[in-house]
Amino acid sequence: MTTAGPLRALTSGSALEVAPALLGAVLSHTTPEGTVSVRLTEVEAYLGVGEDPGSHAHRGPTPRTSPMFGPPGHLYAYFSYGMHVCVNVVCSPVGTASAVLLRAGEVVAGLELARLRRGERVPDRDLARGPARLTVALGIALDQSGDDLAEPPFDLLLPERPLASAAGPRTGVSGVGGGAAYPWRFVLPGETTVSPYRRSPRAVD
DNA sequence: GCTGCGATTGACT
DNA sequence: GTCAATCGCAGCT
């Protein structure tokens with residue numbers, strides 16, 4: 001494991017390079033209640049303007065998506081379906097707007113606090129399985145969008161060398177072919193905390 | 001100004 | 001397996 005420093009250099013590349021490198025990384029978030037750490041087991045890459053119709057940045061910056069156009073290594077959080085918050089790591093030079101969506105992970109520290117946030121009856125492996133669940137387990141709020149992941153209350157530890165990963169179709173993306181047209185979902189093979197694949201309800205064949 | 005829809009989840013049949 | 005909940009944003013009138 002290294003500190004978040006190298007993240008700065010790492011995130012100057014394309015989301016397609018950064019996404020697999022983030023697998024196995026441990027993201028920590030500290031609040032007055034305590035610290036929760038999640039080891040990332042599943043991520044998804046999103047590119048910028050004109051490159052990726054599934055990306056929020058596809059049509060250019062808006063107040064919501066502006067953090068995606070900001071410096072790399074920062075957080076982009078957005079509100080979805082009227083009730084869920086999902087988090088991305090911005091990983092492109094200023095103005096490029098590519099990012100990596102954190103889809104699932106394994107809670108490796110702060111288990112009790114994560115259980116408190118997610119509910120006592122939730123199995124441990126489900127605590128951070130799914131993008132909105134991961135956000136809740138970490139206690140990240142919408143107003144933290146744009147914050148620097150290399151600064152407190154955050155910490156991001158990267159694996160010393162990239163782990164073996166597998167690529168697959170993106171989930172939850174509508175349009176022709178659904179997410180299958182963009183195989184930019186990366187997982188750690190064999191992990192039990194990888195979220196079940198679900199095609200977008202509106203995907204078109 | 002108004003309408004439709006989404007990078008989802010959890011509850012229910 | 002199916003379905004409702006819920007709201008900000010993009011696109012259109």
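What counts, and at which threshold
- Residues numbered from 1 in each chain as written.
- Chains lettered and ligands numbered in written order.
- Predicted model: local features only at pLDDT ≥ 70, side-chain atom pairs only at ≥ 80, totals over all residues.
- Heavy atoms only, no water.
- Disulfide = S-S within 2.5 Å.
- Buried < 20%, exposed > 50% of the residue type's maximum accessible area, 1.4 Å probe, protein only.
- Salt bridge = Lys/Arg side-chain N within 4 Å of Asp/Glu carboxyl O.
- Helix = DSSP H or I, 4+ residues; strand = E, 2+ residues; numbered from the N terminus.
- Pairing = 2+ DSSP bridges.
- Contact = heavy atoms within 4.5 Å.

Caption draft 1: Layout of the state of the cysteines. Under the criterion given, the structure shown has zero disulfides. Here Cys86 is not cross-linked by a disulfide; its sulfur's nearest cysteine counterpart is in Cys91, at 16 Å. Since its relative accessible area comes to 6%, Cys86 is described here as buried.

Caption draft 2: Region of interest: the pattern of salt bridges. Tallied over the full model, the rule gives nine salt bridges. Of the charged contacts, one joins Arg170 and Asp52 as a salt bridge, the two residues approaching to 3.0 Å between their closest N and O atoms. Placement of Arg170 in the loop between β7 (166-168) and β8 (175-176) and of Asp52 in the loop between β2 (34-46) and β3 (75-80) is noted, with a sequence separation of 118 residues between them. By the burial criterion, Arg170 is buried, and Asp52 matches it. Among the ionic pairs, Asp124 bridges to Arg115, the shortest N-O distance being 3.0 Å.

Caption draft 3: Focus on the pairing of β2. Here β2 lies mainly inside the structure; ten of its 13 residues are buried. Relative to β2, strand β1 (residues 26-31) runs antiparallel, the two being bridged by six bridges. Among the inter-strand pairings, His29 is bridged to a residue of β2, identified as Val36. Hairpin connection of β1 to β2: two residues between the antiparallel strands. Taken together, the three bridges between β2 and strand β9 (residues 185-187) define a ladder with antiparallel strand orientation. Within the sheet, the bridge partner assigned to Glu44 lies in β9 and is Arg185.

Caption draft 4: Seen up close, the environment of Pro189. Here Pro189 shows up in the loop between β9 and β10 (203-204). Residue class for Pro189 comes out exposed when judged on its relative accessible area of 52%. Excluding residues that lie within four positions of it along the chain, Pro189 makes contacts with Ala164, Ser165 and Ala166.

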